[in-house]
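# Survey of secondary and tertiary structure
Letter by letter, the chains look like this.
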Amino acid sequence: MEKVVTFLLDGEVIQGQEGQSIMQAADEAGKYIPRLCAHKDLTPHGSCRICTVLVNGRPQSACTQPIADGILVESETPKVNQLRTDIIDMLFVEGNHFCMFCEKSGSCELQALAYRFGITAPKYPYQFPQRDVDASHPDIFLDRNRCVLCGRCVRASKEVDGKNVFQFVGRGVEKRIAVNSEQGLKGTDAEVMDKAISVCPVGAILKKRVGYAVPVGRRLYDHQPIGTASEEETTE
Amino acid sequence: MSKPKIATTSLAGCFGCHMSLLDIDERILELAELVEFHKWPINDRKSFSAQCAVGLIEGGCCNEENVEVLRTFRSSCDVLVSVGDCAIMGGIPAMRNMVPLEECLQEAFVDGPTVHNPTGAIPNDVEIPLLLDKVYPCHEVVKIDYYLPGCPPPADTLWEALVALLTNKPISLPYNLIKYD
Ligand code: SF4
Ligand code: SF4
Ligand code: FES
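### What about the site of ligand 2?
Neighbouring ligand 2 are 13 residues; C147(A), C150(A), G151(A), C153(A) and C200(A) lie closest to it. Classifying every residue of the shell around ligand 2 by side-chain character gives 11 nonpolar, 1 polar and 1 charged.

### Considering empty space enclosed by the protein
Counted under the stated rule, the structure contains 8 cavities of 30 Å³ or more. Reported here for the largest cavity is a volume of approximately 160 Å³. In terms of lining residues, the largest cavity is bounded by 14 residues, among which F92(A), Y126(A), D85(B), M89(B) and Y180(B) are the most central. No other element matches the 3 residues that helix 4 (residues 85-89) of chain B contributes to the lining of the largest cavity. Considered class by class, the residues forming the lining of the largest cavity number 11 nonpolar, 2 polar and 1 charged.

### Thoughts on the sheet that holds strand 5 (residues 72-74) of chain A
Residues and elements named next belong to chain A. If you trace the 5 strands from one edge of the open sheet to the other, you get 2-1-5-3-4, paired in mixed fashion. Every interior strand has two partners, whereas the edge strands, strand 2 (12-17) and strand 4 (58-61), have only one. When strand polarity is set aside, the average angle formed by the axes of neighbouring strands in this sheet is 40 degrees. Pairing between strand 1 (residues 4-9) and strand 2: 6 bridges, direction antiparallel. Its bridge partner being in strand 2, L9 is matched across the sheet by E12. Its contacts with the sheet put helix 2 (residues 78-94) on strand 3 (52-55) and strand 5, and the angle it makes with strand 3 is roughly 145 degrees.

### Quick notes on the interface of chain B and chain A
Contacts between chain B and chain A engage 24 residues on the former and 30 residues on the latter. Each partner contributes to the roughly 2,200 Å² buried at the junction of chain B and chain A, and carbon and sulfur atoms together form 64% of this total. The three residues of chain B that bury the most area against chain A are M98(B), Y175(B) and Y180(B), which together make up 36% of that side's buried surface. At the junction of chain B with chain A, the criterion picks out 1 salt bridge. The salt bridge partner of R219(A) is D181(B), with a shortest N-O separation of 2.8 Å. Residue composition of the side of chain B that touches chain A, by class: 15 nonpolar, 4 polar and 5 charged.

### Some thoughts on the site of ligand 1
Neighbouring residues of ligand 1: F92(A), H97(A), F98(A), C99(A), C102(A), S105(A), C108(A), L110(A), Q111(A), R146(A), V202(A) and G203(A). By residue class, the composition of the shell around ligand 1 is 7 nonpolar, 4 polar and 1 charged.

### Describing the environment of L83(A)
With respect to the helices and strands, L83(A) occurs in helix 2. Considering only alpha carbons, one finds L83(A) and R218(A), 135 residues apart in sequence, at a separation of 30 Å.

### Some details on the packing of aromatic side chains
Within the structure shown, the criterion is met by 7 aromatic pairs over all chains. Where F92(A) meets Y180(B), the ring centres are 5.7 Å apart and the plane angle is 85 degrees; that geometry is what we call edge-to-face. Pair noted here: F92(A) is in helix 2 and Y180(B) is in the segment after helix 6 (155-166), and the two residues belong to different chains. On the basis of relative accessible area, F92(A) is assigned to the buried category, the value being 9%. For Y180(B), a relative accessible area of 8% corresponds to the buried category.

### With respect to the nonpolar core
In this structure, I88(A), L110(A), F166(A) and L31(B) are the most contacted members of the largest nonpolar core, which totals 70 residues. Ranked by residues supplied to this core, first place goes to helix 6 of chain B with 8 residues. The residues that make up this core include at least three from each of domain 1 (4-76) and domain 2 (86-207) of chain A. Residues within four places of F166(A) in sequence aside, it is in contact with L142(A), C153(A), V154(A), S157(A), I177(A), A178(A), V179(A), L185(A), A196(A), I197(A) and I205(A). Counting residues in each nonpolar core, the second largest holds 30 residues, with L11(B), L70(B), V135(B) and Y147(B) among its members.

### Quick notes on the domain arrangement of chain A
Residue and element names in this part refer to chain A. Per the domain assignment, the segments of chain A are domain 1 (4-76) and domain 2 (86-207). At the junction of the two partners, domain 1 supplies 17 residues and domain 2 supplies 21 residues. Of the roughly 1,400 Å² buried at the junction of domain 1 and domain 2 (both faces included), carbon and sulfur atoms supply 63%. Of all residues in domain 1, L36, L42 and I50 give up the largest surface area on contact with domain 2, accounting jointly for 41% of the area buried on that side. On the surface where domain 1 and domain 2 come into contact, there are 7 residue pairs in polar contact (both at pLDDT 80 or more). Residues belonging to the side of domain 1 that touches domain 2 are distributed by class as follows: 9 nonpolar, 4 polar and 4 charged.

Quick notes on the rules
- Residues numbered from 1 in each chain as written.
- Chains lettered and ligands numbered in written order.
- Predicted model: local features only at pLDDT ≥ 70, side-chain atom pairs only at ≥ 80, totals over all residues.
- Heavy atoms only, no water.
- Near = heavy atom within 4 Å.
- Nonpolar A, V, L, I, M, F, W, Y, C, P; charged D, E, K, R; others polar.
- 1 Å grid on protein atoms, 1.4 Å probe; cavity = no way out; pocket = protein on both sides within 12 Å on 5 of 7 lines; lining within 4 Å.
- Points joined across faces, edges and corners; volume = space filled by probe spheres on them.
- Helix = DSSP H or I, 4+ residues; strand = E, 2+ residues; numbered from the N terminus.
- Pairing = 2+ DSSP bridges.
- Axes fitted to C-alpha atoms, helices over the stretch in contact; angles between N-to-C directions.
- Contact = heavy atoms within 4.5 Å.
- Buried area = accessible area lost by both parts, 1.4 Å probe.
- Salt bridge = Lys/Arg side-chain N within 4 Å of Asp/Glu carboxyl O.
- Phe/Tyr/Trp six-rings, centres within 6.5 Å; stacked < 30°, edge-to-face > 60°.
- Buried < 20%, exposed > 50% of the residue type's maximum accessible area, 1.4 Å probe, protein only.
- Core = buried A, V, L, I, M, F, W, Y, C linked by side-chain atoms within 4.5 Å.
- Domains from an automatic or database assignment.
- Polar contact = N/O pair within 3.5 Å; in protein donor to acceptor, adjacent residues only side chain to side chain.

In structure tokens form, the structure reads like this:
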């Protein structure tokens, strides 16, 4: 039988199974911890740090940190939410996010996080980096201007689709998402129904010819902050 | 006591944010009761003749004139508000920020497929404000006190914010009124 682990999340007693991450145990208890790179169908990656919580006072990523008996986890505190807000600010300024015409707007997890945290303008200067768009595939766009390097596509392609379409190349500010062909996406075995195509939290990987189908006012996060409803609301 | 004064301007914007302000519908009459519009595109006043309580800035800075106007607004308004995505992050005009300025001008005035320009000259008259290397968000040029995002911000966002400012309350926008599109 699995061992029950008991810990405190923002002062509330939570019980989980041994081996679960803090995020999994919190989700089961109906407590939302903000996240971006984590996805319920993929191996946690621990890269975006939006899910940062304080475990006995030390910052840890809730999606990768296992639960343990008696730990004190802080999540919805001003201090932790400020860390998260700063990361979201950085993600906005280090890419090129023109929400006003982005097909993902209204259903974008990055934008929804910014809304949830009430961000009206990022505190860092805009970088306006040069990033390219790969429109070579007949059914799929890859717009690196909006990529937040969450690695969901990389993991989904390997773990779920059994392919290897996406991969990271470069390091630090040079890091970017690459595809497994010199001809761009069209040279890969990517298909529009692949999991890798639907898991992108932002408008970096989009299906062609379906944009703006949902009217403003009926999109995922038009009325409800991300994390309000059940976990079902994260990308397919 | 005289009514507080407001000033508004459109820098590198499309006037959509001003349209959204007019979209507060009949509340515009209430607003006119609360404030005096000192300098705004509707009265086309060229310069400030009094200090204003609130300045609303639409659009970012794409040329030297925008910078000058923005600086004048900063010194003539107690509270300065960036209204709309262009003021906040450059918006559509900032799409040129990823292309060197020279290439932009070359494409717009010489190489573009629909350009007719036999001399191949790029306009360079002293009357034309010089373009900046990039389009800058207003808060990267002067200090901005509040931000109202949106393209344009919903009329209700503008209304809520103005009423709060004019009644000396903090602006706190509910979830529905912070939008980036
Ligand atoms: S990906 Fe999201 S944050 Fe980026 S432009 Fe699109 S809607 Fe905005
Ligand atoms: S393309 Fe999308 S899923 Fe892939 S790393 Fe970038 S943001 Fe994440
Ligand atoms: S969600 Fe945990 S690090 Fe990204």
